[in-house]
Amino acid sequence: MAERRYTEQETALEIKSLRRIIAAYFKYASPDPHTLPHLPSTNPPVPFRPSSPLRALHPAAAAPCREIYWELLFHLGLKYQRLRWCISMNASFVMNMLEAFDPPFDMSQNEDGDCHDCAEHMHGHNHADCAHSSERSDCSRSAVTANNSALHAQHDCPREDAKSNECCGEAGNKKASPQSQSDEKVHTVGCSQHAVPNLGTSQGVDKSCNGGEDTSAAANYKDTDCFASCTDENATPGHNMPPDFHLDVPPVDVDKVRCIIRNIVRDWAQEGQIERDECYKPILEELNRLFPDRSRPPSCLVPGAGLGRLALEISSLGFVSQGNEFSYYMMICSNFILNHTQEANECTIYPWIHSNCNSLSDNDQLRPVSFPDIHPSSICWVTEGFSMCAGDFVEVYSEKSQESAWDAVVTCFFLDTAHNIVEYIEIISKLLKDGGVWVNMGPLLYHFADSYGPDDDMSIELSLEDVKRVAYHYGFVLEVEKMIDTTYTANMASMMQNRYRAAFWTMRKDASRSKAKKHQ
């Protein structure tokens, strides 16, 4: 497929959108000090002012209450100090992740910092619910590939000509020679490749995920302002970044960064294994059953690939697998994990620190999570055909060159991200070869269902029965169907668990019946 050319206006909108997303990451990594928890001042002690019910108590009964209040204040002081240290470690990881990201555009263009007309606002994609969200609110037309050549550069995959730290095309604004393109061929149908400049960050910063800090120190904090000391010693947020990356972004954008951190647990941490077994394992087992002979690797497309774990697992089965993702939030993080991690469990984050509700204990809330649970290169040994394609699913895969190009399409927690689910199903039908299969897993929590204003985006919300009826219309025959209970980015140590009864199915494209429908 020929590389897509962007108009000046489209490029400007993409740059403004990406600048805002990077600014959201910076906002997370360098929060306003006034919003951070502070140690209570106890020297000299603050005058104790009991509430009205406590004042009504007899003095003998009020004294024990005062004592417990002081104990809680002291305990919370210690907890907040640990919490600030955890925030600093998350911030250090975010900064290293940003430094590893090469944007697909020249970010020095359009440095006016005005994001009011960026792609996010233009399309109105502003879905803030991170319980199950594809984060479709950040870009509209990006088409960037991240292949698996970098994965082979470090460890077990038998690929000698791979180049390390590659994502989204050749580094240094250079195109590969025809010979190198042949040697490093990756299945990237439907994606254009951008030459990607560097963000301009310091080259001498420690590239370890947490700046070399001992992450076990969360429980052995010192009596200092940990937020200042940790970040200053390692990677001061944005110390070499252009000033326009410090835009005043709304809190909902920073919430999306927190959502990405929780998605890391789902896709790349041992703690997320239960959730992956519930969501990904049935899909992998079904593909294994449907394609017993993979001597000639079948092709599989994974729209809404998120941080890339499912698409990579499918590749490890012997498929030519391509993940498609719309969100720059996701792509910045997946680029780091897939192309820049060196070994298993080298990074540590604290994903649950931002919620004070339903915690069994402070240690549960402040517990560390290491990732990746397995180095990406160690699970891509079967096929070299793994790629990540960034862009809007409808736009990228509506191209004529994509018709009948895929043996399988896998959708996991993806269908309900559509404005028009009928359009999604139609495109999936066109993508599949005759006899190709569509494996789906997920609920129908339509992301734009609450859009009621005259300027809001369209949202078509169908029942599961109607979804199957539409699929039948586009030539699909249902072969397997069941319901699976699962969660999405859940904190397994929390007192509250939101569970979905997700629909799982396998449908096969019956070309003859589809053609018959067209002639009716």
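Notes on the structure in this doc start here. As the structure is a computational prediction, the values presented were derived from the model and not from experiment.

A word on the packing of helix 8 (residues 251–268) against helix 11 (residues 328–340). The interhelical angle for the contact between helix 8 and helix 11, taken along N-to-C directions, is 40°, at an axis separation of 10 Å. Regarding the angle of helix 8 to helix 11, the classification is oblique. As for the relative orientation of helix 8 and helix 11, their crossing is right-handed in sense. Within the contact between the two elements, helix 8 uses Asp-253, Lys-256, Val-257, Ile-260, Asn-263, Ile-264 and Trp-268 and helix 11 uses Tyr-329, Met-330, Cys-333, Ile-337 and Leu-338. Across the contact of helix 8 with helix 11, the residue classes break down as nine nonpolar, one polar and two charged.

It is at 10 Å that the axes of helix 1 (residues 8–29) and helix 11 come closest, and there the two elements cross at 65°. As helix 1 runs across helix 11, the sense of the crossing is right-handed. On the side of helix 1, the interface is formed by Glu-14, Leu-18, Ile-21, Ile-22, Ala-24 and Tyr-25, while helix 11 contributes Tyr-328, Tyr-329, Ile-332 and Cys-333. Classifying every residue of the contact of helix 1 with helix 11 gives nine nonpolar, no polar and one charged.

With that out of the way, let us pick up a nonpolar patch on the surface. Taken together, Ile-68, Tyr-69 and Leu-72 make up a surface patch of nonpolar side chains, about 270 Å² in accessible area. With respect to the helices and strands, the residue Ile-68 is situated in helix 3 (residues 59–99).

Core analysis: the biggest nonpolar cluster contains 76 residues, and Tyr-25 and Leu-287 have the highest contact counts within it. Of all the elements, helix 1 adds the most residues to this core, at ten residues. The residues touching Leu-287, leaving out its near neighbours within four places in the chain, are Arg-294, Cys-300, Ile-314, Phe-319, Ala-408, Val-410 and Val-439. Core analysis: the next-biggest nonpolar cluster, separate from the first, contains 28 residues, Trp-406, Ile-425, Val-470 and Tyr-474 among them.

According to the stated counting rule, one finds 17 salt bridges in the structure shown. Asp-362 is the salt-bridge partner of Lys-79, the closest N and O atoms lying 3.4 Å from each other. With Lys-79 in helix 3 and Asp-362 in helix 12 (residues 362–365), this residue pair connects regions lying 283 residues apart in the sequence. Residues Lys-79 and Asp-362 agree in their burial class; the two are buried. Note that Lys-433 and Asp-407 form a salt bridge whose closest N and O atoms lie 3.2 Å from each other. Taken together, the residues Lys-433 in strand 8 (residues 432–442) and Asp-407 in strand 7 (residues 406–412) connect sequence positions 26 residues apart. A relative accessible area of 27% means that Lys-433 is categorised as partly exposed.

Attention now goes to the environment of Leu-312. Structurally, Leu-312 can be placed in helix 10 (residues 309–316). Residue Leu-312 is classed as buried on the basis of its relative accessible area, which comes to 0%. Here the alpha-carbon distance between Leu-312 and Met-388, two residues 76 residues apart in the chain, equals 9.4 Å.

Procedures and definitions
Residues numbered from 1 in each chain as written. Predicted model: local features only at pLDDT ≥ 70, side-chain atom pairs only at ≥ 80, totals over all residues. Heavy atoms only, no water. Axes fitted to C-alpha atoms, helices over the stretch in contact; angles between N-to-C directions. Helix = DSSP H or I, 4+ residues; strand = E, 2+ residues; numbered from the N terminus. Parallel < 35°, antiparallel > 145°, perpendicular 65-115°, else oblique. Left-handed = near helix turned anticlockwise from the far one by under 90°. Contact = heavy atoms within 4.5 Å. Nonpolar A, V, L, I, M, F, W, Y, C, P; charged D, E, K, R; others polar. Patch = residues over 30% accessible without salt bridge, like charges linked within 9 Å, V, L, I, M, F, W, Y side chains within 5 Å. Areas by Shrake-Rupley, 256 points an atom, 1.4 Å probe, with all protein chains shown as cover. Salt bridge = Lys/Arg side-chain N within 4 Å of Asp/Glu carboxyl O. Core = buried A, V, L, I, M, F, W, Y, C linked by side-chain atoms within 4.5 Å. Buried < 20%, exposed > 50% of the residue type's maximum accessible area, 1.4 Å probe, protein only.

Keep in mind these values describe shape, not function.
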